[in-house]
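Chain by chain, the residues run as shown.
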Amino acid sequence: MIKTWNADQIISQCQQMYHGANDPMVTGWVNWPCKQDLYRVKFAVDEMLAKTSRFSGEDAWLLEQEKDKMWKRLTSR
């Protein structure tokens, strides 16, 4: 398989949707479609992950990601 995508670019595009959904300078008519796009991405990713096999080391990696996420929350206050 040849990897033809860049996860950082996908995340960057999702961040653009997030900022569009939270832009205080525009109305909900503009914000809401941005949030809808975020939901569409979330639903698609959730469905794909549910249909994907579990891999060796995946649980440990996910736990590490959760720890990092919690640490960032705790240290950002």
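Because the structure is predicted, anything quoted here is derived from the model rather than measured.

### Overview of the overall build of the chain
Check the secondary structure of the chain and you find 3 helices and 0 strands. Reading the chain from its N terminus to its C terminus gives the helix and strand order α-α-α. Scaling as 2.2 N^0.38, a compact globule of 77 residues should have a C-alpha radius of gyration of about 11 Å, whereas the chain reaches 16 Å, well beyond that. Taken along the three principal axes of its C-alpha coordinates, the chain extends 45 × 40 × 20 Å. Of the roughly 7400 Å² of accessible surface on the chain, a fraction of 60% belongs to carbon and sulfur atoms.

### Topic: the packing of aromatic side chains
Taken as a whole and assessed by the stated rule, the structure comprises 1 aromatic pair. Here the aromatic rings of Tyr39 and Phe43 are separated by 5.6 Å at their centres, their planes lie at 25°, and the arrangement is stacked. Note that Tyr39 and Phe43 are positioned in helix H2 (residues 28-50) at a spacing of 4 residues, about one turn of the helix. Here Phe43 falls in the exposed class, since its relative accessible area comes to 51%.

### Describing the state of the cysteines
Counted according to the given criterion, the structure contains 0 disulfides. There is no disulfide at Cys14, and the cysteine sulfur nearest it, in Cys34, is 12 Å away. Among the residues examined, Cys34 registers a relative accessible area of 19% and is labelled buried.

### Structural notes on a nonpolar patch on the surface
A surface patch of nonpolar side chains, about 510 Å² in accessible area, is lined by Met25, Val26, Trp29 and Val30. Checked against the element boundaries, Trp29 lands in helix H2. Trp29 gets classed as exposed once you look at its relative accessible area, which sits at 78%.

Scoring rules and cut-offs
- Residues numbered from 1 in each chain as written.
- Predicted model: local features only at pLDDT ≥ 70, side-chain atom pairs only at ≥ 80, totals over all residues.
- Heavy atoms only, no water.
- Helix = DSSP H or I, 4+ residues; strand = E, 2+ residues; numbered from the N terminus.
- Rg over C-alpha atoms; globule rule 2.2 N^0.38 Å.
- Areas by Shrake-Rupley, 256 points an atom, 1.4 Å probe, with all protein chains shown as cover.
- Phe/Tyr/Trp six-rings, centres within 6.5 Å; stacked < 30°, edge-to-face > 60°.
- Buried < 20%, exposed > 50% of the residue type's maximum accessible area, 1.4 Å probe, protein only.
- Disulfide = S-S within 2.5 Å.
- Patch = residues over 30% accessible without salt bridge, like charges linked within 9 Å, V, L, I, M, F, W, Y side chains within 5 Å.
- Salt bridge = Lys/Arg side-chain N within 4 Å of Asp/Glu carboxyl O.

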